[in-house]
Amino acid sequence: VASNLDIVGGDNQSAVVDTPFANNLTVRVSDRFGNAIANETVNFIAPLAGSSAGLGSPLGTTNTAGLFSSEVQANTLAGSYGIQATSGLLSVNFALENDADVADQLIISGLPTSSITAGDTAGFTVSALDRFGNLATEYNGTIDFATTDAQALLPGAATLTGGRGNFLSEPR
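The structure displayed is predicted, hence computed values, not measured ones. (Residues numbered from 1 in each chain as written. Predicted model: local features only at pLDDT ≥ 70, side-chain atom pairs only at ≥ 80, totals over all residues. Heavy atoms only, no water.)

Enquirer: With reference to specific residues and values, describe the packing of aromatic side chains.
Expert: Here a ring pair, both rings aromatic, is described through the centre-centre distance and the interplanar angle of the planes. Inspection of the entire model under this criterion finds five aromatic pairs. Arranged with centres 5.6 Å apart and planes meeting at 25°, the rings of Phe44 and Phe68 form a pair that is stacked. With Phe44 in strand 4 (residues 41–45) and Phe68 in strand 7 (residues 67–70), this residue pair connects regions lying 24 residues apart in the sequence. Taken as a pair, Phe44 and Phe68 share a single burial class, namely buried. (Phe/Tyr/Trp six-rings, centres within 6.5 Å; stacked < 30°, edge-to-face > 60°. Helix = DSSP H or I, 4+ residues; strand = E, 2+ residues; numbered from the N terminus. Buried < 20%, exposed > 50% of the residue type's maximum accessible area, 1.4 Å probe, protein only.)

Enquirer: Give a detailed account of the pairing of strand 7, specifying residues and quantitative values.
Expert: Burial of the side chains of strand 7 is restricted to one face: Phe68 and Ser70 are buried, whereas none of Leu67 and Ser69 on the reverse face is. Alignment of strand 3 (residues 25–30) against strand 7, held across four bridges, turns out to be antiparallel. Bridge pairing in strand 7 places Arg28 opposite Leu67. (Pairing = 2+ DSSP bridges.)

Enquirer: How would you sum up unusual backbone geometry? Please name residues and give values.
Expert: Residue Asn12 is not a glycine yet carries a positive backbone phi of 55°. By the element assignment, Asn12 lies in the loop between strand 1 (4–9) and strand 2 (13–16). We note that Asp18 has phi near 65°; this positive angle belongs to a residue other than glycine. With respect to the helices, strands and loops of the structure, Asp18 is situated in the loop between strand 2 and strand 3.

Enquirer: Can you break down the nonpolar core residue by residue, with the values?
Expert: Across soluble globular proteins, nonpolar side chains have a tendency to be buried as a group. Counting 20 residues, the largest nonpolar core has Phe21, Val27, Phe44, Ile83 and Phe94 as the members making the most contacts within it. Elements represented by at least two residues in this core include exactly strand 3, strand 4, strand 8 (72–74), strand 9 (79–87) and strand 10 (90–99). With near-sequence residues (within four places) excluded, Ile83 lies in contact with Leu25, Phe44, Ile45, Ala46, Pro47, Ala53, Leu55, Val72, Val92, Asn93, Phe94 and Leu96. Residues Phe124, Val126, Ile143 and Ala158 belong to the second largest nonpolar core, which totals eight residues. (Core = buried A, V, L, I, M, F, W, Y, C linked by side-chain atoms within 4.5 Å. Contact = heavy atoms within 4.5 Å.)

Enquirer: Residue-level account of the pattern of salt bridges, with values.
Expert: Summed over all chains, the structure comprises two salt bridges. Note that Arg131 and Asp18 form a salt bridge whose closest N and O atoms lie 3.9 Å from each other. Separated by 113 residues along the polypeptide, Arg131 in the loop between strand 12 (122–129) and strand 13 (142–143) and Asp18 in the loop between strand 2 and strand 3 bring together distant segments of the chain. For Arg131, a relative accessible area of 46% gives the class partly exposed. Look at the salt bridges and you will find they share partners, linking Asp18, Asp101 and Arg131 into a network. (Salt bridge = Lys/Arg side-chain N within 4 Å of Asp/Glu carboxyl O.)

Right, here's the structure in full:
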């Protein structure tokens with residue numbers, strides 16, 4: 001009778017969004033003495049929304065060594081999550097993380113939607129995003145600001161830290 005479900009491989013790993021993880025998720029089913037149990041049904045369950053992963057074999061049975069594994073690929077949303085493996089009433093959780101891809105766009109947000117009065121200061125945020133819209137936290141590049149308003153005061157060259165920076169400008 002199955003009494004243990006243990007993680008053998010694939011726990012605590014990360015992958016760039018929309019790419020495979022380096023290691024398969026692997027569990028072992030055994031009896032109370034640690035003997036492997038073959039032909040035991042195992043089900044991997046990934047989150048249905050948010051950061052998650054696609055599973056190559058979400059449902060199957062253990063081999064003669066009591067092992068069952070599945071390939072796993074990160075979806076397009078960065079973040080941490082868990083994938084649960086179950087066998088009967090037994091369950092374990094794998095901790096996984098999808099990392100943002102490289103930055104491919106800079107987005108300005110937080111500017112007022114209406115006109116800014118000359119002399120007033122306006123704050124805004126610049127974020128480096130990957131191709132899926134995730135914050136590219138590894139981006140620490142320098143950016144320069146430009147405007148067609150010759151009198152406006154803009155920040156000088158600035159470095160984004162962790163893919164984001166907050167700035168002030170002043171129209172004249």
